[in-house]
Structures are given as structure tokens and as C-alpha cells.
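# Understanding the architecture of this molecule
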Protein chains: 2
Amino acid sequence: MPAICKRVLFEAGGNVNERTLTLSSVSNDGHYISVRPLVKKNTEAEREFPFEWVFAGTKDHIEVTNETDGVTQKQVFDFWLDTNVYLGISNTHRGKVHTKWTTWESGLLLEQGTVFPFGKDGEGVDFKELWQPIDANRDELVIQDKLESQGRSVTFKVDNNEYFGLVVVVGKWVQGFLAKKNGGSKRDLNFVRLVESAFAGKYTTLERYGVDADKFPCEFDTVKKGDHVTANGVQWEVIEAHL
Amino acid sequence: MPAICKRVLFEAGGNVNERTLTLSSVSNDGHYISVRPLVKKNTEAEREFPFEWVFAGTKDHIEVTNETDGVTQKQVFDFWLDTNVYLGISNTHRGKVHTKWTTWESGLLLEQGTVFPFGKDGEGVDFKELWQPIDANRDELVIQDKLESQGRSVTFKVDNNEYFGLVVVVGKWVQGFLAKKNGGSKRDLNFVRLVESAFAGKYTTLERYGVDADKFPCEFDTVKKGDHVTANGVQWEVIEAHL
């Protein structure tokens, strides 16, 4: 089930806030990406890298278990890309993240988990994130009362000697990352967020970061699973194409 | 500034959830109503009265103070209608409610306050509510990144021997209550929530409760401040009309 959610709250270590316009995309096959750009850039560091965080993975980078209560779900993330890890930022979590998801009657989803920024044996920090499902087939942020959607679900992957990357297209929303394998700095990271306009075929760029941001695929409706498409020298594989 | 917000979270006494589709309307002149219908009715009592709460007041029933930081605001509510008070529900707050509002960079608003369900000298219960601004001029719940809107702001009031009531029209959204003066039971309460369709002039009823729900005004575009309109025997005064 392809889906897209907007985060409305992030709470950790007693602080509650939402500084980003975070959208998380999950494809029909379970590939995922969460792009978390800051709304306001208040410092030089924030202007240089205007993201709280980006993470992504294929269905092989997550385990999902539905509980029998029909309300909660466990998700264990084992990110393929975690920008904190990629950038070697100290005092951030390494390894799998165990989360519990509760669907409220209003349709909002509460995610709860614990991260270990000071290592496995260090003190854990509980966090909460609250997610509002939005209609993936609209070009605006239209609130939806259920995490449910029909429609396009296409995923592109690159994993070669030079790059790794993932682009997840859910309904009208496109989010992707492309990172240098032998990198590890901000200038080796690239992100994109596009939305197709109500009148199909035209895309608006909402986020675009990185010197290789021209290497993302830009044609999503004519591909089949197994296809290879090349964008300015980077060859992507279509690992999923529900059109 | 007319505005409408959807609540996404209610936290009190350590419980965090959102069971309602709550919309709060504030008119240009500061009249307000918050209608909080339950999404699912799980018990007989919830089916009989499918609201968590409804409150409302004119600008004389609230004090708003903007803090100098440009981020926070104090609001002291002195409700004209508070359904808990009207229905005489025990262990619910009486009197003014002091709240603090913080606007996050994402545009969401965190409301924090304390209520005293066991009386003024009893133990206080801290609560948090999180609000997502929506576009008042759309007939769907379209997320807006700021609490800011232009457009229609019309308020109707009735206050006679038999009834008191308020209808606040903000953009395309209409919310109102009508209550019997000498009542005090659920059958003396009436609520309405309407939204005007994208093609102007046609209204969809989203909530309609009570035996007198046919006594709400239903024409909003041809009125002037000071007008009186009668709806099935109840005469309403137009106390505000920004068209």
C-alpha cells in the first residue's frame, strides 16, 4: 500500500517541536524514504545543510510486524541511508531502531521508540513522532483520515561502485536521495522532492539539494520493473513499477 | 484574522491521543467555536452524544495577549458555552482556562494549559493540544503553513429568553451551537458543521446534532452587520460580517 505521511510533531528528551516539513514515503512494495527539510534556517550550519535528517531503505532495510490488536505495528528500521551515520555525526544512533506505531481513531499515527546516541550500552533516549496521513494523489497537503491510498508506486535504485540511491514515487509525490559511496561529507549527498501538478505530467521541485541533483530520474510513467534508466550518467534500476 | 485549525493531538494526565475531528474557528473579530466530534462511537454514551466537547464564545469571552517574543501568546478562555459545564458533568473544570500558545516554525501551534477538574483548590491537570492550521477557503482539509487567512468572516449570535447560540463562518467553514437557556441536558444542545463546496453556494453538512438543528441560519453571503435573520422561529443577530 503506497502511502505518504506528514510529520506534525517530534518529541525527544522532553522537547516537543516540529521545525521541518517532513514527508515520509512508503511504496507499495515497502521501500521507504523520509526527507526532513527545515522550514527556517537559523544558523550558518542550517543554511549549509538545511535538513534535520534524511533516511531511506528498501524493503530489505525494515521489518514490519502487525500486532494482533489491529491498532499497533512494530517496525524495525535498519537504514540503508542515515544521514547522521553517513556524515559521521557524533552522539547519534547506530544500528537498528525499534519503533512501535499506534493508529489513532482520527487516523493519525503515533510512532514511539528509543534511540541510543551514546552507544548500545549508553543511556537510551525515548522519542515520539506523530504522523498525519495525506492524500498521495493530490499535489497539495490534503489531510486523509486513513493511511490508505491507491495509485502509482514506482521505486528506482542505484547501487554501483560510485553511488547508492533510492527514489520513491508514491502517487504524485517523488522523494529521493543519491549519495557517493566513497564520500561521507555533505557535498556527497543529494536529495530531491517533487510533486506532480494537478494537471498531470508537470513537476514542481519542492526540495533540491546537492551537486548531483541533476542525476535523479525524471520520467516515472513509462517505466517497467527491471528497466534501467540513465540520468546524466547515473544508471538507475526500476525495482518496482505499479502504474 | 479569520482562521481555522484542526487539532492533531490531545494530551492530558499522561495520555496522548486524538479521537476526534476537531476544528476550531476564530472569526476576524475574535469570536470562536471549537466543535469536537468523535470519529468513532464506541459506547452507547458516545453514540448518544458523539462529542468530546464543544465550547464557544464571543470576543468578550476570551482575553488574548501577544508576548513580545513574537512566538507565544496567552489566551484566557471564559467560555460562553462549555458543554461540560452546561451538562453539569462532574470532575470537569469551571471558570477561566489559562493557556499558552507557541507557534512552531512548521506553522503548527502548541497549546498548553492546566485545568482544575476537582475545583480551584484541587489538583491541576496539565494538558497539551497541537493544532494544524488549515486553509479556510478550501472545502477540504488542506494544510497551511501559517495561521493566516483572508476571506469571509461572519458571526451570528442569539441570546434571548429561550436560546443562546453562536455561528461562526470562516472562509468556507461554518460551525455553530444553539442551546436552550433553561435546559441543561443533551437534548437541549444543537451543533452544526457545514462546508461550502468548491463551487460556491452549495453546503455539505458534516455534523448536525440536536432537535433544533434546523434553527441555524443558512444564508451567509447576503447579510450585513446588525441584520437580524430568522431561522425556523429563532432570530439571530449578525454581529460581524466581513464578506
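Quick caveat: nothing in here was measured; it's all calculated off a predicted structure.

Conventions and cut-offs
Residues numbered from 1 in each chain as written. Chains lettered and ligands numbered in written order. Predicted model: local features only at pLDDT ≥ 70, side-chain atom pairs only at ≥ 80, totals over all residues. Heavy atoms only, no water. Helix = DSSP H or I, 4+ residues; strand = E, 2+ residues; numbered from the N terminus. Rg over C-alpha atoms; globule rule 2.2 N^0.38 Å. Contact = heavy atoms within 4.5 Å. Lys, Arg positive; Asp, Glu negative; His and termini not counted. Charge placed at Lys NZ, Arg CZ, Asp CG, Glu CD. Buried < 20%, exposed > 50% of the residue type's maximum accessible area, 1.4 Å probe, protein only. Polar contact = N/O pair within 3.5 Å; in protein donor to acceptor, adjacent residues only side chain to side chain. Buried area = accessible area lost by both parts, 1.4 Å probe. Salt bridge = Lys/Arg side-chain N within 4 Å of Asp/Glu carboxyl O. Domains from an automatic or database assignment. Pairing = 2+ DSSP bridges.

### Some details on the overall build of chain A
- When you go through chain A residue by residue, the secondary structure sums to two helices and 18 strands.
- Relative to the 2.2 N^0.38 estimate, which gives 18 Å for 243 residues, the radius of gyration of chain A is 17 Å and therefore close to what a compact globule would have.
- In chain A, once contacts between residues fewer than 6 apart in sequence are set aside, the share between residues at least 24 apart is 49%.
- Separation between the mean location of the 29 positive side-chain charges and that of the 36 negative ones in chain A comes to 3 Å.

### Focus on the side chain of A:S153
Residues and elements named next belong to chain A.
- For S153, the location among the structural elements is in strand β12 (residues 153–159).
- With relative accessibility at 0%, the residue S153 sits in the buried group.
- Looking at S153, its side chain comes within polar contact range of the main-chain nitrogen of N28, at 2.7 Å.
- In this view, S153 contacts P2, S27, N28, V169, E240, A241 and H242; residues no more than four positions away in its chain are not counted.

### As for the interface of chain B and chain A
- Contact residues are listed per partner, giving 25 residues for chain B and 25 residues for chain A.
- Summing both sides of the interface, chain B and chain A together bury roughly 2,200 Å²; the carbon and sulfur share of this comes to 58%.
- Summed over the shared surface of chain B and chain A, the number is four salt bridges.
- Between B:E105 and A:R19 there is a salt bridge, with its nearest N and O atoms 3.0 Å apart.
- Inspection of the chain B/chain A interface yields twelve residue pairs in polar contact (both at pLDDT 80 or more).
- Those elements giving two or more residues to the side of chain B that touches chain A turn out to be β1 (3–12), β2 (15–17) and β11 (125–134) of chain B.
- Tallying contributions element by element places β11(B) first for the side of chain B that touches chain A, with four residues.

### Thoughts on the domain arrangement of chain A
Residues and elements named next belong to chain A.
- On domain assignment, one finds that chain A holds domain 1 (3–134) and domain 2 (153–242).
- Across the contact, 30 residues belong to domain 1 and 29 residues belong to domain 2.
- For the pair domain 1 and domain 2, the two sides together bury roughly 2,500 Å², of which 73% comes from carbon and sulfur.
- The largest share of the area that domain 1 buries against domain 2 comes from I33, W80 and Y86, three residues that together contribute 28% of it.

### Digging into the pairing of strand β9 (residues 97–103) of chain B
All names here are of chain B.
- Pairing analysis gives six bridges linking strand β7 (residues 72–77) to β9, with the strands arranged antiparallel. Opposite Q75, over in β9, you have T99 as the bridge partner.
- In the sheet, β9 pairs with strand β10 (residues 109–115) via five bridges, with the strands oriented antiparallel. In the strand pairing of β10, W101 is matched with E111.
- Turn length for the β9-β10 hairpin, with the two strands adjacent in sequence and antiparallel, is five residues, and the turn residue G107 shows positive phi of about 100°.

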